[in-house]
Amino acid sequence: MLGKFITFEGGEGSGKSTQARLLADALAARNIATAMTREPGGSPFAEAMRHVILDPATPPHSPLSEALLFYAARADHLDHVVRPALNDGVWVICDRFIDSTRVYQGVAGGLPGEVIDTLNEMIVSPTLPDLTIILDLPAELGLGRAYARRVDRINPDTEADAYERRDLEFHWRLRGAFQAIAAAEPQRCVLIDAAQDEQEVFAEVWHAVESRLLAAGA
Ligand SMILES: Nc1ncnc2c1ncn2[C@@H]1O[C@H](COP(=O)(O)OP(=O)(O)O)[C@@H](O)[C@H]1O
Ligand SMILES: [Mg+2]
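What counts as what
Residues numbered from 1 in each chain as written. Chains lettered and ligands numbered in written order. Predicted model: local features only at pLDDT ≥ 70, side-chain atom pairs only at ≥ 80, totals over all residues. Heavy atoms only, no water. UniProt positions renumbered as here; feature names shortened; annotations may be inferred. Helix = DSSP H or I, 4+ residues; strand = E, 2+ residues; numbered from the N terminus. Rg over C-alpha atoms; globule rule 2.2 N^0.38 Å. Buried < 20%, exposed > 50% of the residue type's maximum accessible area, 1.4 Å probe, protein only. Contact = heavy atoms within 4.5 Å. Areas by Shrake-Rupley, 256 points an atom, 1.4 Å probe, with all protein chains shown as cover. Lys, Arg positive; Asp, Glu negative; His and termini not counted. Charge placed at Lys NZ, Arg CZ, Asp CG, Glu CD. Salt bridge = Lys/Arg side-chain N within 4 Å of Asp/Glu carboxyl O. Arc of directions from axis to C-beta. Near = heavy atom within 4 Å. Polar contact = N/O pair within 3.5 Å; in protein donor to acceptor, adjacent residues only side chain to side chain. Nonpolar A, V, L, I, M, F, W, Y, C, P; charged D, E, K, R; others polar.

- Looking at an unreviewed UniProt entry, one finds the chain named Thymidylate kinase, with Hyphomicrobium sulfonivorans as its source organism.
- If you open the UniProt record of the chain and go to Catalytic activity (unreviewed entry), you find "dTMP + ATP = dTDP + ADP".
- According to UniProt, the comment filed for the chain under the heading Function (unreviewed entry) is "Phosphorylation of dTMP to form dTDP in both de novo and salvage pathways of dTTP synthesis."

With respect to the overall build of the chain
Okay, step 1: Broken down by element type, the chain carries eight helices and five strands.
Okay, step 2: When the helices and strands of the chain are placed in sequence order, the string is β-α-β-α-α-β-α-α-β-α-α-β-α.
Okay, step 3: In summary, the chain has a C-alpha radius of gyration of 17 Å against a globular reference of 17 Å for 218 residues, a match within 12%.
Okay, step 4: With the principal axes as the frame, the chain shows a C-alpha extent of 50 × 40 × 35 Å.
Okay, step 5: Here the chain holds 218 residues, and the buried ones make up 48% of them.
Okay, step 6: Counting contacts in the chain only where the partners sit at least 6 residues apart, residues at least 24 apart contribute 79% of the total.
Okay, step 7: On the chain, roughly 10,600 Å² of surface is accessible, and the fraction owed to carbon and sulfur atoms is 56%.
Okay, step 8: Looking at the chain, you have 20 positive and 32 negative side-chain charges, and the mean spots of the two groups are 1 Å apart.

Overview of the pattern of salt bridges
Okay, step 1: Going through the model one piece at a time under the given rule, you end up with ten salt bridges.
Okay, step 2: A salt bridge links Asp117 to Arg102, with the nearest nitrogen and oxygen atoms 2.8 Å apart. Here the residue Asp117 occupies a position in helix α5 (residues 113-124), and Arg102 occupies one in helix α4 (residues 98-108), the gap between them amounting to 15 residues.
Okay, step 3: Residue classification places Asp117 among the partly exposed residues on the basis of a relative accessible area of 33%.
Okay, step 4: Among the salt bridges present, the one from Arg175 reaches Asp136, with a minimum N-O distance of 2.9 Å. One end of the pair, Arg175, is in helix α7 (residues 168-184); the other, Asp136, is in strand β4 (residues 131-136), with 39 residues separating them in the sequence.

Quick notes on the side chain of Glu39
Okay, step 1: Here Glu39 shows up in the loop between β2 (34-38) and α2 (44-54).
Okay, step 2: Each residue touching Glu39, except ones within four places of it in the same chain, is listed here: Arg50, Arg74, His77, Cys94, Asp95, Arg96 and Phe97.

A closer look at the UniProt feature "binding site: ATP" (unreviewed entry) in the chain
Okay, step 1: Here, the residues flagged by UniProt with the feature "binding site: ATP" (unreviewed entry) are Gly10, Gly11, Glu12, Gly13, Ser14, Gly15, Lys16 and Ser17.
Okay, step 2: In this structure Gly13 touches Leu137, Gly142, Arg145 and Ala146, once residues within four positions along its chain are discounted.
Okay, step 3: Secondary-structure assignment places Gly15 in the loop between β1 (5-10) and α1 (16-29).
Okay, step 4: A relative accessible area of 17% means that Gly15 is categorised as buried.
Okay, step 5: With residues up to four places along the chain from it excluded, the contact list for Gly15 reads Leu135 and Arg145.

Observations concerning α2
Okay, step 1: Looking at α2, one finds that the buried residues are Ala46, Met49, Arg50, Ile53 and Leu54. Along α2, the residues classed as buried sweep out an arc of 120° about the axis, all on the same side. α2 presents Pro44 and His51 as exposed residues on the side facing more than 90 degrees away from its buried surface.
Okay, step 2: For α2, the secondary structure elements touched by its buried residues are β2 and α3 (63-87).

Description of the site of ligand 1
Okay, step 1: Close to ligand 1 lie 13 residues, the nearest being Lys16, Ser17, Thr18, Arg149 and Gln196.
Okay, step 2: Contact between ligand 1 and Lys16: an oxygen atom at 2.7 Å from a side-chain N or O atom of the residue.
Okay, step 3: Between Thr18 and ligand 1, the recorded distance is 2.5 Å, taken from a side-chain N or O atom to an oxygen atom.
Okay, step 4: Protein coverage of the free-state accessible area of ligand 1, which is 560 Å², stands at 78%.
Okay, step 5: Counting residues per element, the ones that place at least two in the shell around ligand 1 are α1 and α6 (139-152).
Okay, step 6: Here the shell around ligand 1 gets three residues from one element, more than from any other, and that element is α1.
Okay, step 7: In terms of residue class, the shell around ligand 1 is made up of no nonpolar, seven polar and six charged.

Take a look at the structure:
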């Protein structure tokens with residue numbers, strides 16, 4: 001049987017990485033083989049591209065060139081990591097995926113939605129997520145968490161990236177765009193209030209996974 005494909009989406013500091021880890025542990029406790037991965041990145045080629053895409057030193061590039069880089073990385077990640085795992089029956093948990101492209105390059109960057117639809121048909125289809133968990137949080141709260149995370153640990157990999165440096169209005173637009181995706185695709189997406197504490201958020205994550213993917217007949 002194919003594994004299930006679960007993606008986490010939401011703004012900076014909304015708790016995606018935290019919840020992805022909690023979910024991987026909970027599934028492992030149920031003896032479900034699980035692979036955790038992330039975008040941009042997730043395979044050696046895509047991780048190399050991640051540095052190019054997120055490097056704050058790179059001069060601003062157009063949303064189209066950015067989206068094409070993301071999809072080059074995504075094609076490699078899907079072929080080398082996601083699809084082989086799903087085919088082996090492993091559940092794949094991915095930290096950011098297609099909805100981040102639609103929100104960052106599409107809604108915030110101005111790239112027409114049809115361009116992203118076409119790229120999804122060419123590159124992602126038929127490997128769409130079985131479930132997408134969208135963590136919803138006021139932008140300033142998320143940025144505050146992301147900032148606290150950086151000053152907590154002195155690690156060059158956690159410097160503010162090009163997106164984190166954008167103004168608050170940009171991050172409010174992102175939040176609205178994630179909410180709109182959740183409203184438009186209720187079959188695939190669950191919107192969760194991420195201002196709650198970690199365990200409260202996780203209880204809702206687990207409820208979504210259990211009721212939609214683990215329940216009899218799911
Ligand atoms: N529900 C929560 N309440 C408070 N802090 C949280 C919560 N979830 C995560 N954090 C903390 O906020 C920071 C960002 O969380 P993280 O999971 O890295 O977010 P993301 O991957 O979405 O950027 C981390 O320091 C993390 O420990
Ligand atoms: Mg993260």
